[in-house]
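Each chain, written out:
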Amino acid sequence: MMHYENGDKKVKTPEYLKEIYFHSVGRNGVLLLNIPPDTRGLITDFDIKALKSWKEKLDAIFKVNFLKGAKEVGAVKKIKCLLDGNDATDHSFSMKENDNRIEMNLKKEKTFNVLLLQENITIGQRVEKFVLEYWNWKEWKKATEGTTIGFKRLLEFPAVTASKVRLCIESARQEPALAEIGLYFDKEGVNE
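Everything numeric in this text was worked out from a predicted model, so none of it was measured.

Q: What should I look at first to understand the nonpolar core in this one?
A: Inside soluble globular proteins, nonpolar side chains tend to come together where they are buried. One finds Leu67, Phe112, Leu115 and Ile181 to be the most contacted residues of the largest nonpolar core, which totals 30 residues. Of all the secondary structure elements, the ones that give two or more residues to this core are strand S3 (101-119), strand S4 (127-135), strand S6 (153-172) and strand S7 (177-184). For this core, the element with the most residues is S6, which contributes 7 residues. Leaving out residues up to four positions away in the same chain, Leu67 has contacts with Leu83, Met104, Leu106, Val165, Ile181, Gly182 and Leu183.

Q: Help me out: how do you make sense of the side chain of Ser163 in this one?
A: As for its position among the elements, Ser163 is in strand S6. If we ignore the near neighbours within four places in the chain, the residues touching Ser163 are Met104, Asn105, Leu106, Lys107, Lys108, Glu109 and Trp137.

Q: Would you mind going over helix H3 (residues 45-61) with me for this structure?
A: The α-helix advances 3.6 residues per turn, and as a result positions three or four apart in sequence lie on the same side. With 17 residues, H3 extends 24 Å from end C-alpha to end C-alpha; this agrees with the ideal 24 Å at 1.5 Å per step. Those residues of H3 lying buried are Asp47, Ala50, Trp54, Lys57, Leu58 and Ile61. The arc enclosing the buried residues of H3, seen along the axis, measures out at 95 degrees, which places them on a common side. Residues Asp45, Lys49, Lys52, Lys55 and Glu56 are exposed on H3 and point more than 90 degrees away from its buried face.

Q: Can you help me understand helix H2 (residues 14-24) in this one?
A: Inspection of H2 places Pro14, Leu17, Lys18, Ile20, Tyr21, Phe22 and Ser24 among the buried residues, and these make up the whole buried set. Residues of H2 that are buried in the fold lie against H3, S3 and S6.

Q: I'm lost on the packing of H2 against H3 in this one. Help?
A: At a closest axis distance of 8 Å, the pairing of H2 and H3 adopts a crossing angle of 60 degrees. Regarding the angle of H2 to H3, the classification is oblique. Like other packed secondary-structure pairs, H2 and H3 cross with a definite hand, here right-handed. In contact with Pro14, Glu15, Leu17, Lys18, Tyr21 and Phe22 of H2, H3 contributes Ala50, Leu51, Ser53, Trp54, Lys57, Leu58 and Ile61. The residue makeup of the contact of H2 with H3, split by class, is 9 nonpolar, 1 polar and 3 charged.

Each value, and the rule that gives it
- Residues numbered from 1 in each chain as written.
- Predicted model: local features only at pLDDT ≥ 70, side-chain atom pairs only at ≥ 80, totals over all residues.
- Heavy atoms only, no water.
- Core = buried A, V, L, I, M, F, W, Y, C linked by side-chain atoms within 4.5 Å.
- Buried < 20%, exposed > 50% of the residue type's maximum accessible area, 1.4 Å probe, protein only.
- Helix = DSSP H or I, 4+ residues; strand = E, 2+ residues; numbered from the N terminus.
- Contact = heavy atoms within 4.5 Å.
- Expected span 1.5 Å × (residues − 1).
- Arc of directions from axis to C-beta.
- Axes fitted to C-alpha atoms, helices over the stretch in contact; angles between N-to-C directions.
- Parallel < 35°, antiparallel > 145°, perpendicular 65-115°, else oblique.
- Left-handed = near helix turned anticlockwise from the far one by under 90°.
- Nonpolar A, V, L, I, M, F, W, Y, C, P; charged D, E, K, R; others polar.

Next up, the structure:
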């Protein structure tokens, strides 16, 4: 165990803790912070301050899901189950013809740079490749893309301003069951 007098200089910043979160929980993994206790067996005030600031940072990012209140466009009529906070409710895609996408009208322009996706993993992890696109008033443009989703996938990307978005599942093992979707804005985002 590290003697903590020297450890105060190595306290993880809230920004680094956010990065750990996005690269663990946000990639369907386990969050491991490695914050050791001091010689008294307690978490130091330095670490407590960093942890509180990190929680405030995550709360600020995930406070407003810009897809809440969005209107689905096209055949998908179960958008509410994608916004209910319950990862056991889902919308299944047949992957036939155009039943591999969901298009949503945000009603007015929003600026966002974080995508949250979750699958209903009680029936398995199925998505192999997906793309988030936005309408720039002329054509669909790619905001971000990824491979697997699993329990939770978080992607940061350069900020986009749009009033319409579309998630396309490009490949899947079986009919994918999307449980949650969210668009958020991290005003301190590093990818702007």
